[in-house]
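Now for the letters of each chain:
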Number of protein chains: 2
Amino acid sequence: MDILFENAKVITMDEAAPYLENAYVAVKGGKIVYIGEAAPQEQAKRRIDARGKLLMPGLINGHTHVPMTLFRGLSDDCELDVWLREHIWPAEDKLTSESVRAGTELSIAEMLASGTTSFSDSYFFVEDIAEVVQTSGIKANLSRSIIGNGEDFENMPSVSEMRELFSRFHMAEGGRIRVDASIHAEYTTETKCRMKVAEFAKENNLILQIHTSESKSEHENCITRYRKTPTELFLSEGLFDGVRPLLAHCCYITEHDMDIIKAHGGSVASCVISNLKLASGIPDLPLMLENGVNVSLGTDSVASNNNTDMFEEIKLVATLYKGISLNPTAMDALTALCLATVNGARAQGRDDCGILKEGYDADIIMLDFDRPHLVPCHNAISNTVYSAHGSDVVLTMVRGEILYENGEFKTIDIERAKRGVMA
Amino acid sequence: MDILFENAKVITMDEAAPYLENAYVAVKGGKIVYIGEAAPQEQAKRRIDARGKLLMPGLINGHTHVPMTLFRGLSDDCELDVWLREHIWPAEDKLTSESVRAGTELSIAEMLASGTTSFSDSYFFVEDIAEVVQTSGIKANLSRSIIGNGEDFENMPSVSEMRELFSRFHMAEGGRIRVDASIHAEYTTETKCRMKVAEFAKENNLILQIHTSESKSEHENCITRYRKTPTELFLSEGLFDGVRPLLAHCCYITEHDMDIIKAHGGSVASCVISNLKLASGIPDLPLMLENGVNVSLGTDSVASNNNTDMFEEIKLVATLYKGISLNPTAMDALTALCLATVNGARAQGRDDCGILKEGYDADIIMLDFDRPHLVPCHNAISNTVYSAHGSDVVLTMVRGEILYENGEFKTIDIERAKRGVMA
């Protein structure tokens, strides 16, 4: 075997045994080949003593726009309209292939350093993003976000980019990179356009990302125009026929919308910090879960978060819903972790990750559980959800490759990435 | 001068100039003796190159119970009653002087490592706590929490401990340690008891800490019994005559309560993460601020948080109120920082800290702003509030003494503290 972790606390997220107190985890050919409390027979090329450390599945960031790391702190605390029109869109107008690569590289570095091993993205300059993902070693579901009315669809540059991204990168690197389809949102597209993108998704068996019911006005304007919620409208347009949707935000979806999402094997990517910060609202995750929807978590872009630390999302989700419902059992720690791992993998259409289990991809992170704020450890799941931060991650492995270890990036020139972003 | 920081980004929190991009900060005899963009004349014993770093006032944790670090992750996600009766109270019954010292030492280490330079506490075993505070170098307002009906008040062991704490530690270490008075809460005391504690506070000019309107049932039961809110009841009992209250939690206080607090120069210590996690509710901080109340932030104990990272509180406050009000201007970044610095100092009755300014105590923290999640830095206040974590702190200074630097504790044997807590 390639690597053997010894003496580790392990959160497996495997329903059969979600936690092991002192275990071995063996990795070979990118896969987990053994997990258990007894020492495996085979010799390992490298042994990692994980005493005082915790292993868990890498976190899955279900919704982000990586190049927007360039806009960290560019504008906060103002109306959404002002934020977009006066700050974000003008900044996006100035993006270049070079700046997008720098932003992407830094964003991936930030994710790896805080325990994220896979992310779902929608943006433009997608081939630049994909090439950086390729060399970085991280997993990603990438998509070219489509905006427009759908007239002259085939001649839109964005559509060529979507097709080019698909043909060059779908299932690249042995499936480490997947390509999704992406409709930007109901309010930025028209029916014809949406149907064309959905058709492309169906033809190629791709997940379909759509920003959905993020703000109250977006949701209500749609109802005013069509007497349908955005999700109902999408259903009526046939967008979900044979297509698994990944709907981002969903602050205002109804129980009927939830039924639609569930019936089509879809998922929600909720971005609670971004929703709070942009004053969009609060998605009702407990109700979605009760209705059987696959809920995953995302950070959204750094422009509205302003980092990509998934541990912040996990803790917020595990506390916020208790506070707003006055019910301390509204969302337990293990469920919150599940959203960022098991459900995230499902939302990406990846059935071999999100759990530490034999035969699954070795997407593993290791946390230093010996730091003052993680002692004592009465309950490792509690400490992970309520006490830990992304900065406690000391090792990040994707498909058996260590991409980050003790502050060092193995595939990214971090100083160059920082310089690139500040250029 | 003792120490000169050079080339620093500086958040001063001084209204005249809250931020300096490239400045010098000089420290001598425990005080800040110079801040400015020009180099000072005097030579320094030690010069610290703060290029790529940010200096800001140490954070002030307005409400905690430090020994409860022993109970990190002991119990979560259950009803308050079950949590207290089945888990926390039985665990507290087993506390010893030794375990309290270990818990306190680890808690202080955690606070120093995440940028907290002062805290307000109420608990028992208070002399053990005070002795650990004394050797650690941190600032604290300590109090012996009083519970009871007030019959035979002078013979209560808790009252002796309160008096002993006061006589041994009030204004000890040149005022680094202050003693407050503390009534545990309305529902755990009777009028006679409360009046006696308040009398003690008044006689000695002490701040009076009280858990107030933390849960809905506590608040409403008081109204049912007295036709008064807890704050109104305290006013009617004369507790605030000549006494500055520090009311913790205040999830349910009314505008009339806010007027009462303001009229008595009082403060609120809000503990939003704890309130969410225990499903207590959400204190209306924007309304309190609008009504002129001095609002500070606290983590509450680690048993209900489950860490003492004040950066988490700051970010939550700066995002949560936007989300629940659907108003992106409900709480801006600088205001959130103010709660954890300037207002915290005021709540502790300390008029010489919370701001980096000549003549003020040198309670300074330094953050490494060169880390991936803090690049780029379009706005240092935004990055501090929305992107940073306690783990970005690389230096913590209290009254000119460096207590923590690059992972090393100068006054605490961290390995002993960890062992003590796990014993």
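## Let's talk about the overall build of chain A
Of the regular secondary structure elements, chain A holds 16 helices and 18 strands. Taken over C-alpha atoms, the radius of gyration comes to 21 Å for chain A, in line with the 22 Å a tight globule of 423 residues would show. Counting only C-alpha atoms, chain A reaches 60 × 50 × 40 Å along its principal axes. Buried positions account for 62% of the 423 residues belonging to chain A.

## Details of helix H7 (residues 216–226) of chain A
All names here are of chain A. Residues of H7 that are buried: Glu 218, His 219 and Cys 222. Projected down its long axis, H7 shows its buried positions confined to an angular sector of 100°, all on one face. Looking at the buried residues of H7, the elements they touch are helix H8 (230–236). Two residues or fewer after H7 comes Arg 227, characterised by a positive phi angle close to 55°.

## A word on unusual backbone geometry
All names here are of chain A. A cis amide bond, omega 10°, links Asn 305 with the succeeding residue Asn 306. Its place among the elements puts Asn 306 in the loop between strand S14 (294–297) and helix H12 (310–325). In this structure, Pro 376 follows Val 375 across a cis peptide bond, with omega equal to -5°. Take Pro 376: it is sitting in the loop between strand S15 (364–368) and helix H15 (380–387). A positive phi is found at Met 13, a non-glycine position, where the angle reads about 65°. With respect to the secondary-structure elements, Met 13 resides in the loop between strand S1 (3–11) and strand S2 (19–28).

## A few points about the relation of the copies chain B and chain A
Both copies of the chain are related through a single rotation about an axis accompanied by a shift along the same axis. The transformation that overlays chain B on chain A combines an axial shift of 0.0 Å with a rotation of 180°, and the residual RMSD is 0.0 Å. The superposition of one copy onto the other is thereby described by a two-fold rotation axis. If distances are taken from each C-alpha of chain B to the rotation axis, the shortest is found for Ser 391 of chain B, at 3.4 Å.

## Some words on the domain arrangement of chain A
Interfaces are often described in size by the accessible area the parts lose on coming together. Residue and element names in this part refer to chain A. Domains assigned within chain A are domain 1 (3–57 + 354–409) and domain 2 (59–347). Each of domain 1 and domain 2 was reduced to a C-alpha centroid, and the two centroids are 28 Å apart. The partner domain 2 presents 27 residues to the 24 residues of domain 1 that form the contact. Mapped by element, the contributors of at least two residues to the side of domain 1 that touches domain 2 are H15, strand S16 (393–398) and strand S17 (401–405). Of the residues in the side of domain 1 that touches domain 2, the class split is 14 nonpolar, 7 polar and 3 charged.

## A closer look at the sheet that holds strand S6 (residues 59–64) of chain A
Strands pair in a sheet through their backbones, by hydrogen bonds, and they do so in one of two ways: parallel or antiparallel. Residue and element names in this part refer to chain A. Taking strand neighbours across the sheet as the criterion, the 4 strands line up as S6-S7-S8-S9 in an open arrangement whose pairing is parallel. Every interior strand has two partners, whereas the edge strands, S6 and strand S9 (177–179), have only one. Each neighbouring strand pair of the sheet contributes to a mean axis angle of 15°, computed without reference to strand direction. Sheet analysis places strand S7 (residues 116–123) next to strand S8 (residues 139–144), joined by 6 bridges and oriented parallel. What sits directly across from Asp 121, in S8, is Leu 142.

## Things to note about the sheet that holds strand S11 (residues 208–212) of chain A
Residue and element names in this part refer to chain A. Spatially, S10-S11-S12-S13-S14 is the arrangement adopted by the 5 strands of the open sheet, whose pairing is parallel. Looking at the sheet topology across the chains shown, the edges are occupied by strand S10 (181–185) and S14. For this sheet the average axis-to-axis angle between neighbouring strands, irrespective of direction, equals 25°. Note that S11 and strand S12 (residues 245–249) share 5 bridges and pair parallel. Across the sheet, His 211 pairs through a bridge with Ala 248, a residue of S12. The sheet contacts of helix H6 (residues 191–204) involve S10 and S11, and relative to S10 the element is tilted by about 160°.

## Some remarks on the interface of chain B and chain A
Across the contact, 53 residues belong to chain B and 53 residues belong to chain A. Put simply, the parts of the chain that give the side of chain B that touches chain A at least two residues each are helix H2 (97–113), helix H10 (272–277), helix H12 (310–325), helix H15 (380–387) and helix H16 (414–422) of chain B. Residue composition of the side of chain B that touches chain A, grouped by class: 24 nonpolar, 18 polar and 11 charged.

Cut-offs and rules
- Residues numbered from 1 in each chain as written.
- Chains lettered and ligands numbered in written order.
- Predicted model: local features only at pLDDT ≥ 70, side-chain atom pairs only at ≥ 80, totals over all residues.
- Helix = DSSP H or I, 4+ residues; strand = E, 2+ residues; numbered from the N terminus.
- Rg over C-alpha atoms; globule rule 2.2 N^0.38 Å.
- Buried ≥ 20, exposed ≤ 12 C-beta atoms within 10 Å, placed from the backbone.
- Arc of directions from axis to C-beta.
- Contact = placed C-beta atoms within 7 Å.
- Least-squares fit on C-alpha atoms with pLDDT ≥ 70 in both.
- Domains from an automatic or database assignment.
- Nonpolar A, V, L, I, M, F, W, Y, C, P; charged D, E, K, R; others polar.
- Pairing = 2+ DSSP bridges.
- Axes fitted to C-alpha atoms, helices over the stretch in contact; angles between N-to-C directions.

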